[in-house]
Amino acid sequence: QVQVGQSGGGLVQPGGSLRLSCAASGSILSVYNMGWYRSAPGKQRELVATISRDGHTNYSDSVKGRFTISRDNAENTVSLQMNSLKPEDTGVYYCNAFVISNNAGGDTYWGQGTQVTVSA
């Protein structure tokens, strides 16, 4: 069994910061690409940021320069540091990980989602 758990989020004022954390656990051989996605109210899930095992990152244009994604390969964790938050960053944020497990091939797994609300 492989699980992806995440924490963080909450209510923050515009210009503030939040940090999201995520960990893949279970019968894991390797974790490849990891990332964060979000769903704004009434909208489909969109990519926020991804990071490969070697540290290559990709960001949505809307968060470049404000968000930073990082990971720890030894711990199978990924974090998203969100600075200079804007109201349009509001949404449900989901962690994603592509995992090679001991008893199965590669598959993508999702965290449970956490609410981020940016409002004065």
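Higher on the page you've got the structure.
I will try to describe carefully the structure that is included in this document.

Looking now at the pattern of salt bridges. This model, assessed by the stated rule, comprises four salt bridges. Its salt-bridge partner being E46, residue R38 comes within 3.0 Å of it at the nearest N-O pair. One salt-bridge network, in which partners are shared between bridges, spans R38, E46, R66 and D89.

Right, let's talk about the environment of L85 for a bit. Position of L85 among the secondary structure elements: in the loop between β8 (77-82) and β9 (91-101). What makes L85 buried here is its relative accessible area of 2%. In this structure the C-alpha to C-alpha distance between L85 and F67, which are 18 residues apart in sequence, comes to 8.8 Å. Setting aside residues up to four positions removed in sequence, L85 forms contacts with V12, P14, G15, G16, S17, L18, R66, F67 and V118.

By way of backbone hydrogen bonds, the strands of a sheet pair with one another, either parallel or antiparallel. Pairing within the open sheet is antiparallel, and its four strands lie in the order β1-β3-β8-β7. Strand pairing shows two members of the sheet lacking a second neighbour, β1 (2-7) and β7 (67-72), which therefore form its edges. Between one strand axis and the next, the sheet turns by 15 degrees as a mean value, whatever way the strands run.

Attention now moves to the packing of aromatic side chains. This structure, assessed with the given rule, holds one aromatic pair. Taken together, a centroid distance of 5.1 Å and an interplanar angle of 65 degrees make the contact between Y37 and W110 edge-to-face. In this pair, Y37 is assigned in strand β4 (residues 28-39) and W110 in strand β10 (residues 106-110), connecting sequence segments 73 residues apart. Sitting over the ring of Y94, R45 keeps its end group 3.8 Å from the ring centre. The ring of W110 has R45 sitting right over it, with the charged end atom 4.4 Å from the ring centre.

Turning to the nonpolar core, a few remarks are in order. In terms of nonpolar packing, the biggest core is built from 28 residues, with W36, L80 and M82 touching the most fellow members. Contributing elements (two or more residues each) for this core: β1, β3 (18-26), β4, β5 (45-51), β7, β8, β9 and β11 (114-118).

Inspection of the secondary structure puts R66 in the loop between β6 (57-59) and β7. Residues contacting R66, with those up to four places away along its chain left out, are Q81, M82, N83, S84, L85, K86 and D89. Within the structure, the side chain of R66 is placed 2.9 Å from the backbone oxygen of S84, a separation counted as a polar contact. Within the structure, the side chain of R66 is placed 2.7 Å from the side chain of D89, a separation counted as a polar contact.

Rules used throughout
Residues numbered from 1 in each chain as written. Predicted model: local features only at pLDDT ≥ 70, side-chain atom pairs only at ≥ 80, totals over all residues. Heavy atoms only, no water. Salt bridge = Lys/Arg side-chain N within 4 Å of Asp/Glu carboxyl O. Helix = DSSP H or I, 4+ residues; strand = E, 2+ residues; numbered from the N terminus. Buried < 20%, exposed > 50% of the residue type's maximum accessible area, 1.4 Å probe, protein only. Contact = heavy atoms within 4.5 Å. Pairing = 2+ DSSP bridges. Axes fitted to C-alpha atoms, helices over the stretch in contact; angles between N-to-C directions. Phe/Tyr/Trp six-rings, centres within 6.5 Å; stacked < 30°, edge-to-face > 60°. Lys NZ or Arg CZ within 6 Å of the ring centre and 35° of its normal. Core = buried A, V, L, I, M, F, W, Y, C linked by side-chain atoms within 4.5 Å. Polar contact = N/O pair within 3.5 Å; in protein donor to acceptor, adjacent residues only side chain to side chain.

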